[in-house]
Amino acid sequence: MNDVTQQHTPQQTTTDERAIRLVVLDMAGTTVADDGLVEQAFTAAARELGVEPDSPEHADQLGYVRATMGESKISVFRHLYGTEDRAQRANQAFEAAYGALVDAGHCAPLPGAREAIEELTAQGRTVALSTGFARATQDAIIAALGWRDLVALTLCPSDVGGRGRPYPDMVLGALLRTHAADGVQQIAVAGDTAYDMRSGRRSGASLVAGVLTGAHDARQLRAAGATHVLDSVAALPALITAYEADSGTGAGAGAGADTGSAGAAP
């Protein structure tokens with residue numbers, strides 16, 4: 001279900017404004033295994049722009065790509081290549097290379113990801129998937145995983161005017177399109193990068209969980225504003241239940257999460 005506004009009928013029995021009703025999840029590194037696919041596709045894109053693998057220039061650019069994992073890919077290429085024409089050429093080459101890897105079978109869910117989404121949905125929450133990839137790539141991943149009917153909404157930067165992370169647009173776009181929550185305080189965000197954390201905090205989401213299955217470590221996630229750090233997205237349903245119990249909005253169980261102070265939102 002890609003660009004369609006969903007009318008949500010809340011099924012939760014709790015009415016407190018801190019009940020989590022909308023959950024926005026990142027894809028690569030959070031719910032979908034990356035396994036180096038982004039770096040492989042970037043290498044193909046760099047070659048399109050005349051930057052050869054193993055060159056010092058490629059090493060520098062790859063370092064920037066790693067540091068900005070989670071950001072909109074076209075924004076990364078604009079930074080690296082300067083002109084819009086060169087950025088668009090690189091982005092097209094990246095998307096083509098990534099799509100070919102997906103078509104070749106190099107795409108799999110992270111362990112427990114599908115089950116976590118199903119559990120969140122069974123709890124009465126609406127789940128949306130967001131990405132920094134283009135729509136065609138996101139659709140290819142969703143199709144390869146058999147996830148077309150798994151979530152209420154999928155979003156990429158072009159769906160919300162072109163601004164990806166660290167802007168809050170995709171999170172707020174999910175709120176506006178699904179009507180799942182009464183306000184931003186009823187949103188949870190989860191991702192594997194600092195950019196996911198910044199996007200979640202800037203959106204006003206109450207719960208912004210970093211997961212350790214992707215690009216950035218616990219220190220980077222906390223520094224970017226993570227309210228919790230989890231081993232994987234599989235722990236998210238229990239974390240949200242525990243969060244609601246602590247807020248007096250419902251019965252919960254222990255989440256097994258690092259709930260230390262995350263610092264101020266960037």
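Residues numbered from 1 in each chain as written. Predicted model: local features only at pLDDT ≥ 70, side-chain atom pairs only at ≥ 80, totals over all residues. Heavy atoms only, no water.

Inspection of every chain in the model, using the stated rule, returns one cavity of 30 Å³ or more. Of the pockets and cavities examined, the largest cavity occupies roughly 50 Å³. Every element with two or more residues in the lining of the largest cavity is listed here: strand S1 (22–26), helix H7 (169–178), strand S4 (187–191) and helix H8 (194–203). In terms of residue count, S1 provides more of the lining of the largest cavity than any other element does, three residues in total. (1 Å grid on protein atoms, 1.4 Å probe; cavity = no way out; pocket = protein on both sides within 12 Å on 5 of 7 lines; lining within 4 Å. Points joined across faces, edges and corners; volume = space filled by probe spheres on them. Helix = DSSP H or I, 4+ residues; strand = E, 2+ residues; numbered from the N terminus.)

Here we come to the pairing of S1. Counting buried residues along S1, five of its five residues qualify, which places the element largely inside the surrounding structure. Along S1, one buried face is formed by Leu 22, Val 24 and Asp 26 and the opposite face, lined by Val 23 and Leu 25, is buried too. Where S1 lies against strand S2 (residues 126–130), five bridges are found, and the strand directions are parallel. Each bridged residue has a counterpart across the sheet, and for Leu 22 the counterpart in S2 is Thr 126. (Buried < 20%, exposed > 50% of the residue type's maximum accessible area, 1.4 Å probe, protein only. Pairing = 2+ DSSP bridges.)

A few words now on the layout of surface pockets. A volume near 270 Å³ is recorded for the largest pocket. Among the residues making up the lining of the largest pocket, the classes are represented as seven nonpolar, seven polar and eight charged. (Nonpolar A, V, L, I, M, F, W, Y, C, P; charged D, E, K, R; others polar.)

The next thing to look at is the nonpolar core. Tyr 98 and Leu 236 are the most contacted members of the largest nonpolar core, which has 56 residues in total. Broken down by element, this core gets its largest block of residues, eight residues, from helix H4 (residues 84–103). Apart from residues lying up to four places away in sequence, Leu 236 is in contact with Val 23, Leu 25, Leu 120, Ala 190, Leu 207, Ala 209 and Leu 230. Core analysis: the second largest hydrophobic core is formed by 23 residues, Leu 22, Val 24, Val 160 and Met 170 among them. (Core = buried A, V, L, I, M, F, W, Y, C linked by side-chain atoms within 4.5 Å. Contact = heavy atoms within 4.5 Å.)

All right, on to the packing of helix H5 (residues 113–122) against helix H10 (residues 236–246) then. The geometry of H5 relative to H10 is characterised by a closest axis approach of 8 Å and an angle of 35° between their N-to-C directions. Between H5 and H10, the contacting residues are Ala 116, Glu 119 and Leu 120 on the first element and Leu 236, Pro 237 and Ile 240 on the second. For the contact of H5 with H10, a count of residues per class yields five nonpolar, no polar and one charged. (Axes fitted to C-alpha atoms, helices over the stretch in contact; angles between N-to-C directions.)

Let us now look at the environment of Asp 103. Within the element layout of this structure, Asp 103 appears in helix H4. Taking the C-alpha atoms as reference points, Asp 103 and Ala 140, 37 residues apart in sequence, are found 7.8 Å from one another.

Under the criterion given, the structure shown has six aromatic pairs. Above the ring of Tyr 167, the side-chain terminus of Arg 163 is found at 3.9 Å from the ring centroid. Its end group placed over the ring of Tyr 195, Arg 198 keeps NZ or CZ at 5.6 Å from the ring centre. (Phe/Tyr/Trp six-rings, centres within 6.5 Å; stacked < 30°, edge-to-face > 60°. Lys NZ or Arg CZ within 6 Å of the ring centre and 35° of its normal.)

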